[in-house]
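Descriptive analysis of the structure
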Amino acid sequence: VLLRKLKHFQQLGHKVIFLIGDATAMVGDPSGKTTTRKVLTEDEVDANAKTYEKQVGKILDVHDRNTFERKHNRTWFSKDKFGFEQFVELAQRYTIARLLEREDFQNRLKENKPISFLETFYPLMQGYDSVMLKADVELGGTDQTFNMLVGRDLQPSYGQESQIVLTMPILEGLDGVNKMSKSLGNYVGINEYPKDIFGKIMSVSDDLMLKYYELLTDDNVSNIKSEIASGKLHPKDAKKNLAKIIVSQYHSQEEADRQAEEFDRAFKDKGFPSDIALQEIPITSDKASLLAVLVDSIKLLPSRGEAKRKIQEGALEINGQKVSDINLELSSGIEHKIRIGKKFARVLLKKI
(Lines give C-alpha, C1' and ligand atoms only; values in the text may rest on other atoms or scores of the structure.)
Protein backbone atom coordinates (compact mmCIF):
# COMPACT_ATOMS: atom_id res chain seq x y z
CA VAL A 1 0.00 0.00 0.00
CA LEU A 2 2.79 2.41 0.93
CA LEU A 3 4.83 1.63 -2.16
CA ARG A 4 1.83 2.35 -4.40
CA LYS A 5 1.50 5.79 -2.80
CA LEU A 6 5.25 6.38 -3.14
CA LYS A 7 4.96 5.48 -6.81
CA HIS A 8 2.53 8.38 -7.28
CA PHE A 9 5.04 10.74 -5.65
CA GLN A 10 7.77 9.43 -7.91
CA GLN A 11 5.63 9.86 -11.02
CA LEU A 12 5.11 13.49 -10.02
CA GLY A 13 8.88 13.97 -10.00
CA HIS A 14 9.41 14.02 -6.24
CA LYS A 15 12.48 12.41 -4.71
CA VAL A 16 11.60 9.18 -2.91
CA ILE A 17 14.02 7.91 -0.29
CA PHE A 18 13.50 4.26 0.52
CA LEU A 19 15.04 3.84 3.94
CA ILE A 20 15.99 0.38 5.12
CA GLY A 21 16.02 0.42 8.90
CA ASP A 22 18.77 -2.12 9.36
CA ALA A 23 19.93 -0.46 12.58
CA THR A 24 16.47 0.03 14.08
CA ALA A 25 15.56 -3.54 13.08
CA MET A 26 18.22 -4.77 15.49
CA VAL A 27 16.28 -3.01 18.25
CA GLY A 28 12.78 -4.06 17.20
CA ASP A 29 9.73 -1.86 16.74
CA PRO A 30 7.39 -2.19 19.75
CA SER A 31 4.38 -0.93 17.73
CA GLY A 32 1.43 -3.25 18.27
CA LYS A 33 3.48 -5.59 20.46
CA THR A 34 2.29 -6.88 23.81
CA THR A 35 5.63 -8.36 24.83
CA THR A 36 9.29 -7.40 24.61
CA ARG A 37 10.67 -7.84 21.11
CA LYS A 38 13.46 -10.29 20.36
CA VAL A 39 16.61 -8.51 19.18
CA LEU A 40 17.58 -9.54 15.64
CA THR A 41 21.13 -10.43 14.69
CA GLU A 42 23.06 -8.51 12.03
CA ASP A 43 22.84 -11.49 9.67
CA GLU A 44 19.06 -11.70 10.09
CA VAL A 45 18.71 -7.99 9.39
CA ASP A 46 20.86 -8.23 6.25
CA ALA A 47 18.83 -11.17 4.95
CA ASN A 48 15.58 -9.25 5.43
CA ALA A 49 17.00 -6.13 3.78
CA LYS A 50 17.84 -8.05 0.60
CA THR A 51 14.23 -9.21 0.22
CA TYR A 52 12.97 -5.63 0.72
CA GLU A 53 15.21 -4.31 -2.05
CA LYS A 54 13.97 -6.97 -4.46
CA GLN A 55 10.33 -6.29 -3.66
CA VAL A 56 10.45 -2.51 -3.93
CA GLY A 57 11.81 -2.77 -7.47
CA LYS A 58 8.55 -4.38 -8.56
CA ILE A 59 6.66 -1.16 -7.85
CA LEU A 60 9.07 1.80 -7.85
CA ASP A 61 11.52 2.78 -10.57
CA VAL A 62 14.69 2.05 -8.61
CA HIS A 63 16.91 2.96 -11.57
CA ASP A 64 15.84 6.62 -11.82
CA ARG A 65 18.44 8.29 -9.62
CA ASN A 66 16.63 11.64 -9.88
CA THR A 67 13.53 10.33 -8.14
CA PHE A 68 14.73 7.32 -6.16
CA GLU A 69 17.41 6.77 -3.57
CA ARG A 70 17.93 3.84 -1.23
CA LYS A 71 19.54 4.47 2.14
CA HIS A 72 20.31 2.45 5.26
CA ASN A 73 20.06 3.98 8.74
CA ARG A 74 23.03 1.89 9.81
CA THR A 75 24.98 4.63 8.03
CA TRP A 76 24.39 7.16 10.83
CA PHE A 77 23.91 4.65 13.63
CA SER A 78 27.31 3.03 13.04
CA LYS A 79 29.74 2.80 15.94
CA ASP A 80 32.05 5.47 14.58
CA LYS A 81 29.24 8.01 14.01
CA PHE A 82 26.79 7.41 16.84
CA GLY A 83 28.57 7.03 20.12
CA PHE A 84 27.63 7.79 23.71
CA GLU A 85 27.81 11.54 23.12
CA GLN A 86 25.29 11.37 20.28
CA PHE A 87 23.10 9.06 22.36
CA VAL A 88 23.00 11.57 25.21
CA GLU A 89 22.28 14.43 22.83
CA LEU A 90 19.34 12.58 21.29
CA ALA A 91 17.95 11.26 24.58
CA GLN A 92 17.80 14.71 26.18
CA ARG A 93 15.56 16.04 23.41
CA TYR A 94 12.58 13.87 24.41
CA THR A 95 10.93 12.90 27.66
CA ILE A 96 10.06 9.51 29.09
CA ALA A 97 6.55 10.82 29.81
CA ARG A 98 5.98 11.46 26.09
CA LEU A 99 7.37 8.07 25.10
CA LEU A 100 5.15 6.28 27.60
CA GLU A 101 2.07 7.99 26.16
CA ARG A 102 1.98 5.46 23.32
CA GLU A 103 -0.94 3.07 23.66
CA ASP A 104 1.19 -0.08 23.39
CA PHE A 105 3.26 0.93 26.41
CA GLN A 106 0.20 2.06 28.40
CA ASN A 107 -1.46 -1.31 27.90
CA ARG A 108 1.62 -3.19 29.00
CA LEU A 109 2.00 -1.01 32.09
CA LYS A 110 -1.61 -1.74 33.08
CA GLU A 111 -0.97 -5.46 32.66
CA ASN A 112 2.36 -5.29 34.56
CA LYS A 113 4.25 -6.47 31.49
CA PRO A 114 7.89 -5.37 31.11
CA ILE A 115 9.03 -2.60 28.77
CA SER A 116 12.72 -2.58 28.04
CA PHE A 117 14.62 0.70 27.80
CA LEU A 118 15.71 -0.43 24.33
CA GLU A 119 12.09 -0.37 23.19
CA THR A 120 11.56 3.17 24.45
CA PHE A 121 14.62 4.20 22.44
CA TYR A 122 13.20 2.82 19.17
CA PRO A 123 10.87 5.80 18.48
CA LEU A 124 13.79 8.15 19.08
CA MET A 125 15.91 6.26 16.58
CA GLN A 126 13.16 6.39 13.94
CA GLY A 127 12.64 10.07 14.68
CA TYR A 128 16.39 10.63 14.25
CA ASP A 129 16.09 9.07 10.79
CA SER A 130 13.85 12.00 9.80
CA VAL A 131 16.47 14.41 11.12
CA MET A 132 19.30 12.80 9.18
CA LEU A 133 17.24 12.66 5.99
CA LYS A 134 15.90 16.22 6.47
CA ALA A 135 12.56 14.66 5.53
CA ASP A 136 9.72 16.93 4.52
CA VAL A 137 7.15 14.12 4.18
CA GLU A 138 7.18 10.69 5.86
CA LEU A 139 4.82 7.90 4.85
CA GLY A 140 3.95 4.94 7.03
CA GLY A 141 1.18 2.68 8.18
CA THR A 142 -1.23 3.81 10.88
CA ASP A 143 0.70 1.61 13.30
CA GLN A 144 3.70 3.90 12.77
CA THR A 145 1.89 7.15 13.65
CA PHE A 146 3.57 7.56 17.04
CA ASN A 147 7.07 6.88 15.70
CA MET A 148 6.65 9.31 12.82
CA LEU A 149 5.29 12.03 15.09
CA VAL A 150 8.39 11.68 17.26
CA GLY A 151 10.42 12.56 14.17
CA ARG A 152 8.17 15.54 13.57
CA ASP A 153 8.77 16.67 17.19
CA LEU A 154 12.55 16.16 17.03
CA GLN A 155 13.25 18.05 13.81
CA PRO A 156 12.72 21.60 15.19
CA SER A 157 15.22 20.88 17.98
CA TYR A 158 17.79 20.24 15.22
CA GLY A 159 16.87 23.46 13.39
CA GLN A 160 14.63 21.81 10.78
CA GLU A 161 11.00 22.29 9.81
CA SER A 162 8.67 19.59 11.06
CA GLN A 163 7.90 16.96 8.47
CA ILE A 164 4.39 16.19 7.23
CA VAL A 165 3.20 12.77 8.37
CA LEU A 166 1.02 10.72 6.01
CA THR A 167 -0.43 7.44 7.23
CA MET A 168 -1.92 4.62 5.21
CA PRO A 169 -4.41 2.00 6.44
CA ILE A 170 -3.08 -1.34 7.61
CA LEU A 171 -3.73 -4.12 5.13
CA GLU A 172 -5.45 -7.10 6.72
CA GLY A 173 -4.21 -10.52 5.73
CA LEU A 174 -6.13 -13.31 4.03
CA ASP A 175 -7.92 -14.13 7.29
CA GLY A 176 -9.51 -10.67 7.25
CA VAL A 177 -8.62 -10.13 10.91
CA ASN A 178 -4.90 -9.76 11.55
CA LYS A 179 -2.37 -7.49 9.88
CA MET A 180 -0.89 -9.18 6.80
CA SER A 181 2.17 -10.95 8.10
CA LYS A 182 4.51 -13.66 6.88
CA SER A 183 4.82 -15.04 10.40
CA LEU A 184 1.03 -15.49 10.59
CA GLY A 185 0.89 -17.12 7.17
CA ASN A 186 -1.92 -14.80 6.04
CA TYR A 187 0.07 -12.89 3.44
CA VAL A 188 0.33 -12.50 -0.32
CA GLY A 189 3.99 -12.15 -1.27
CA ILE A 190 5.08 -9.81 -4.05
CA ASN A 191 7.68 -12.35 -5.15
CA GLU A 192 5.36 -15.35 -5.11
CA TYR A 193 4.48 -17.29 -8.24
CA PRO A 194 1.54 -15.87 -10.26
CA LYS A 195 -0.54 -18.98 -9.59
CA ASP A 196 -0.08 -18.60 -5.81
CA ILE A 197 -0.95 -14.89 -5.86
CA PHE A 198 -4.05 -15.51 -7.97
CA GLY A 199 -5.25 -18.37 -5.80
CA LYS A 200 -4.73 -16.47 -2.55
CA ILE A 201 -6.68 -13.43 -3.78
CA MET A 202 -9.54 -15.71 -4.87
CA SER A 203 -9.68 -17.11 -1.32
CA VAL A 204 -10.47 -13.81 0.46
CA SER A 205 -13.94 -12.83 1.65
CA ASP A 206 -16.13 -10.50 -0.40
CA ASP A 207 -15.75 -7.70 2.19
CA LEU A 208 -11.97 -8.00 2.23
CA MET A 209 -11.95 -8.06 -1.56
CA LEU A 210 -13.50 -4.58 -1.60
CA LYS A 211 -10.87 -3.26 0.82
CA TYR A 212 -8.13 -4.72 -1.38
CA TYR A 213 -9.68 -2.96 -4.37
CA GLU A 214 -9.60 0.31 -2.42
CA LEU A 215 -6.01 0.02 -1.20
CA LEU A 216 -4.29 -1.94 -3.96
CA THR A 217 -5.89 -0.75 -7.21
CA ASP A 218 -7.02 2.40 -8.97
CA ASP A 219 -10.48 1.01 -9.72
CA ASN A 220 -13.60 2.82 -8.55
CA VAL A 221 -14.71 0.84 -5.50
CA SER A 222 -18.10 2.58 -5.32
CA ASN A 223 -18.93 1.44 -8.85
CA ILE A 224 -17.90 -2.13 -8.02
CA LYS A 225 -20.08 -2.15 -4.90
CA SER A 226 -23.02 -0.76 -6.87
CA GLU A 227 -22.68 -3.33 -9.65
CA ILE A 228 -22.47 -6.19 -7.14
CA ALA A 229 -25.52 -4.91 -5.24
CA SER A 230 -27.55 -4.62 -8.45
CA GLY A 231 -26.58 -8.08 -9.60
CA LYS A 232 -24.80 -6.74 -12.66
CA LEU A 233 -21.45 -8.03 -11.36
CA HIS A 234 -21.04 -11.36 -9.56
CA PRO A 235 -18.66 -11.19 -6.54
CA LYS A 236 -16.64 -14.10 -7.96
CA ASP A 237 -16.07 -12.17 -11.20
CA ALA A 238 -15.09 -9.06 -9.25
CA LYS A 239 -12.64 -11.12 -7.22
CA LYS A 240 -11.20 -12.68 -10.36
CA ASN A 241 -10.66 -9.23 -11.84
CA LEU A 242 -8.89 -8.15 -8.64
CA ALA A 243 -6.63 -11.20 -8.80
CA LYS A 244 -5.76 -10.34 -12.41
CA ILE A 245 -4.89 -6.76 -11.43
CA ILE A 246 -2.60 -7.89 -8.60
CA VAL A 247 -0.84 -10.51 -10.75
CA SER A 248 -0.36 -8.01 -13.60
CA GLN A 249 1.18 -5.48 -11.16
CA TYR A 250 3.91 -7.85 -10.01
CA HIS A 251 4.30 -10.03 -13.12
CA SER A 252 2.56 -9.21 -16.43
CA GLN A 253 -0.85 -8.81 -18.02
CA GLU A 254 -0.23 -11.92 -20.11
CA GLU A 255 0.49 -13.92 -16.96
CA ALA A 256 -2.64 -12.52 -15.29
CA ASP A 257 -4.81 -13.59 -18.24
CA ARG A 258 -3.25 -17.04 -18.25
CA GLN A 259 -3.88 -17.54 -14.53
CA ALA A 260 -7.50 -16.45 -14.95
CA GLU A 261 -7.98 -19.02 -17.71
CA GLU A 262 -6.36 -21.74 -15.64
CA PHE A 263 -8.50 -20.85 -12.63
CA ASP A 264 -11.67 -21.03 -14.72
CA ARG A 265 -10.66 -24.38 -16.09
CA ALA A 266 -9.80 -25.76 -12.65
CA PHE A 267 -12.99 -24.37 -11.11
CA LYS A 268 -15.07 -25.78 -13.94
CA ASP A 269 -13.58 -29.26 -13.52
CA LYS A 270 -13.54 -29.17 -9.72
CA GLY A 271 -14.42 -32.55 -8.24
CA PHE A 272 -14.48 -34.32 -11.61
CA PRO A 273 -12.21 -37.40 -11.69
CA SER A 274 -9.40 -37.26 -14.22
CA ASP A 275 -9.55 -40.99 -15.02
CA ILE A 276 -13.07 -41.10 -16.53
CA ALA A 277 -12.86 -42.52 -20.07
CA LEU A 278 -14.39 -40.56 -22.93
CA GLN A 279 -17.41 -42.26 -24.54
CA GLU A 280 -18.03 -41.44 -28.19
CA ILE A 281 -21.66 -41.81 -29.18
CA PRO A 282 -22.76 -41.72 -32.83
CA ILE A 283 -25.93 -39.75 -33.62
CA THR A 284 -27.67 -38.94 -36.88
CA SER A 285 -28.35 -35.25 -36.22
CA ASP A 286 -26.62 -32.24 -34.69
CA LYS A 287 -28.18 -32.80 -31.26
CA ALA A 288 -29.46 -35.57 -29.01
CA SER A 289 -31.96 -35.66 -26.17
CA LEU A 290 -30.36 -35.41 -22.74
CA LEU A 291 -32.69 -38.09 -21.40
CA ALA A 292 -31.80 -40.44 -24.24
CA VAL A 293 -28.09 -39.97 -23.62
CA LEU A 294 -28.36 -40.53 -19.85
CA VAL A 295 -30.58 -43.60 -20.04
CA ASP A 296 -30.15 -45.26 -23.45
CA SER A 297 -26.60 -44.35 -24.51
CA ILE A 298 -24.41 -44.26 -21.40
CA LYS A 299 -26.90 -45.93 -19.01
CA LEU A 300 -25.99 -43.59 -16.18
CA LEU A 301 -29.59 -43.91 -14.89
CA PRO A 302 -32.00 -46.85 -15.10
CA SER A 303 -35.04 -45.05 -16.52
CA ARG A 304 -36.22 -41.76 -17.98
CA GLY A 305 -38.50 -41.30 -14.99
CA GLU A 306 -35.52 -41.54 -12.66
CA ALA A 307 -33.56 -39.20 -14.92
CA LYS A 308 -36.35 -36.59 -14.83
CA ARG A 309 -36.54 -36.81 -11.06
CA LYS A 310 -32.78 -36.35 -10.62
CA ILE A 311 -32.75 -33.38 -12.98
CA GLN A 312 -35.68 -31.71 -11.21
CA GLU A 313 -33.96 -32.25 -7.84
CA GLY A 314 -30.92 -30.36 -9.15
CA ALA A 315 -28.64 -33.40 -8.97
CA LEU A 316 -27.37 -33.15 -12.55
CA GLU A 317 -24.30 -31.09 -13.55
CA ILE A 318 -22.90 -30.75 -17.06
CA ASN A 319 -19.50 -29.10 -17.44
CA GLY A 320 -19.71 -27.80 -13.88
CA GLN A 321 -23.14 -26.17 -14.31
CA LYS A 322 -26.38 -27.41 -12.78
CA VAL A 323 -29.00 -28.47 -15.33
CA SER A 324 -32.75 -28.29 -14.58
CA ASP A 325 -34.23 -28.56 -18.09
CA ILE A 326 -35.48 -32.11 -18.74
CA ASN A 327 -35.96 -31.24 -22.42
CA LEU A 328 -32.35 -30.14 -22.92
CA GLU A 329 -30.56 -31.36 -26.04
CA LEU A 330 -26.81 -31.96 -26.13
CA SER A 331 -24.83 -30.71 -29.13
CA SER A 332 -22.54 -32.90 -31.18
CA GLY A 333 -18.82 -32.24 -31.53
CA ILE A 334 -18.51 -30.97 -27.94
CA GLU A 335 -17.32 -32.92 -24.92
CA HIS A 336 -19.88 -33.04 -22.10
CA LYS A 337 -18.71 -33.80 -18.56
CA ILE A 338 -21.75 -35.24 -16.79
CA ARG A 339 -22.11 -35.71 -13.05
CA ILE A 340 -25.04 -37.09 -11.08
CA GLY A 341 -24.15 -37.55 -7.42
CA LYS A 342 -21.17 -39.91 -7.42
CA LYS A 343 -21.70 -41.03 -11.00
CA PHE A 344 -19.57 -39.47 -13.74
CA ALA A 345 -19.33 -39.68 -17.51
CA ARG A 346 -17.49 -37.98 -20.34
CA VAL A 347 -19.50 -37.94 -23.55
CA LEU A 348 -18.72 -36.84 -27.09
CA LEU A 349 -21.61 -36.98 -29.56
CA LYS A 350 -20.43 -37.58 -33.13
CA LYS A 351 -22.73 -36.91 -36.04
CA ILE A 352 -22.65 -39.66 -38.68
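Residues numbered from 1 in each chain as written. Predicted model: local features only at pLDDT ≥ 70, side-chain atom pairs only at ≥ 80, totals over all residues. Heavy atoms only, no water.

Digging into the overall build of the chain
Across its full length, the chain holds 15 helices and 11 strands. Computed over its C-alpha atoms, the radius of gyration of the chain comes to 30 Å, more than 25% above the 20 Å expected for a compact globule of 352 residues. Within the chain, residue pairs in contact and separated by at least 24 positions form 65% of the contacts whose partners lie at least 6 positions apart. On the chain, roughly 20100 Å² of surface is accessible, and the fraction owed to carbon and sulfur atoms is 50%. The average position of the 53 basic charges and that of the 52 acidic charges among the side chains of the chain differ by 5 Å. (Helix = DSSP H or I, 4+ residues; strand = E, 2+ residues; numbered from the N terminus. Rg over C-alpha atoms; globule rule 2.2 N^0.38 Å. Contact = heavy atoms within 4.5 Å. Areas by Shrake-Rupley, 256 points an atom, 1.4 Å probe, with all protein chains shown as cover. Lys, Arg positive; Asp, Glu negative; His and termini not counted. Charge placed at Lys NZ, Arg CZ, Asp CG, Glu CD.)

Here's the deal with unusual backbone geometry
A positive phi angle is found at Lys134, which is not glycine, with a value near 50 degrees. If you trace the backbone, Lys134 turns up in the loop between α7 (117-133) and β3 (137-141). According to the relative accessible area criterion, Lys134 is exposed, its value standing at 61%. Its identity as a non-glycine residue notwithstanding, Lys299 has a phi of 50 degrees, on the positive side. We classify Lys299 as exposed; its relative accessible area is 63%. (Buried < 20%, exposed > 50% of the residue type's maximum accessible area, 1.4 Å probe, protein only.)

So, the nonpolar core
Of all hydrophobic cores here, the largest spans 38 residues; its most connected members are Leu60, Ile201, Tyr212 and Tyr213. Where this core is concerned, the elements lending two or more residues are α1 (2-11), β1 (16-20), α9 (194-202), α10 (206-216), α11 (221-230), α12 (235-250) and α13 (253-268). Not counting chain neighbours up to four residues away, the residues in contact with Leu60 comprise Leu3, Leu6, Lys7, Gln10, Val16 and Phe68. (Core = buried A, V, L, I, M, F, W, Y, C linked by side-chain atoms within 4.5 Å.)

Details of the packing of aromatic side chains
Summed over the entire model, instances satisfying the criterion amount to 9 aromatic pairs. Centroid distance Phe77 to Tyr128: 5.6 Å. Interplanar angle 50 degrees. Geometry classified as tilted. Here Tyr128 lies in helix α7 and Phe77 lies in the loop between β2 (68-72) and α4 (84-91), a separation of 51 residues in the sequence. Here Tyr128 and Tyr158 contribute two aromatic rings whose centre-to-centre distance is 6.0 Å and whose plane-to-plane angle is 65 degrees, an arrangement assigned as edge-to-face. Of this pair, Tyr128 sits in helix α7 while Tyr158 sits in the loop between α8 (145-157) and β4 (164-168); the two residues are 30 residues apart in sequence, bridging distant segments of the chain. (Phe/Tyr/Trp six-rings, centres within 6.5 Å; stacked < 30°, edge-to-face > 60°.)

Here we look at the pattern of salt bridges
Considering all chains together, one arrives at 25 salt bridges under this definition. Residue Asp296 is joined to Arg304 by a salt bridge in which the shortest nitrogen-to-oxygen separation is 2.7 Å. Judged by its relative accessible area of 42%, Asp296 is partly exposed. Through salt bridges with shared partners, one network takes in Lys15, Glu69 and Lys71. (Salt bridge = Lys/Arg side-chain N within 4 Å of Asp/Glu carboxyl O.)

So, helix α6 (residues 103-110)
When α6 is considered as a whole, its buried residues turn out to be Asp104, Phe105 and Arg108. Taken down its axis, α6 places every buried residue within 95 degrees of arc, on the same side. In α6, the exposed residues that point more than 90 degrees away from the buried face are Glu103 and Lys110. The elements touched by buried residues of α6 are α5 (96-99) and α7. (Arc of directions from axis to C-beta.)

Some remarks on the side chain of Glu138
Assignment of secondary structure puts Glu138 in strand β3. One buried charge, Glu138, has no salt-bridge partner; the nearest side chain with opposite charge is Arg152, at 9.9 Å. Those residues in contact with Glu138, other than ones at most four positions away along the chain, are Gln126, Ser130, Met148, Gln163, Ile164, Val165 and Leu166.

Description of the sheet that holds strand β7 (residues 316-318)
Sheets are built from strands paired through backbone hydrogen bonds, the pairs being either parallel or antiparallel. Pairing is mixed in the open sheet, where 5 strands are placed in the order β5-β11-β10-β7-β8. The open sheet has two edge strands with one neighbour each: β5 (278-283) and β8 (321-322). As paired elements, β5 and strand β11 (residues 343-351) share 6 bridges and run parallel to each other. Each bridged residue has a counterpart across the sheet, and for Glu280 the counterpart in β11 is Leu348. Across the sheet, helix α14 (residues 290-297) is in contact with β5, β7, β10 (335-340) and β11; its angle to β7 comes to roughly 105 degrees. (Pairing = 2+ DSSP bridges. Axes fitted to C-alpha atoms, helices over the stretch in contact; angles between N-to-C directions.)

Remarks on a nonpolar patch on the surface
A surface patch of nonpolar side chains, amounting to about 220 Å² of accessible area, comprises Val137, Ile164 and Leu166. By the element assignment, Leu166 lies in strand β4. Its relative accessible area of 33% is what places Leu166 among the partly exposed residues. (Patch = residues over 30% accessible without salt bridge, like charges linked within 9 Å, V, L, I, M, F, W, Y side chains within 5 Å.)

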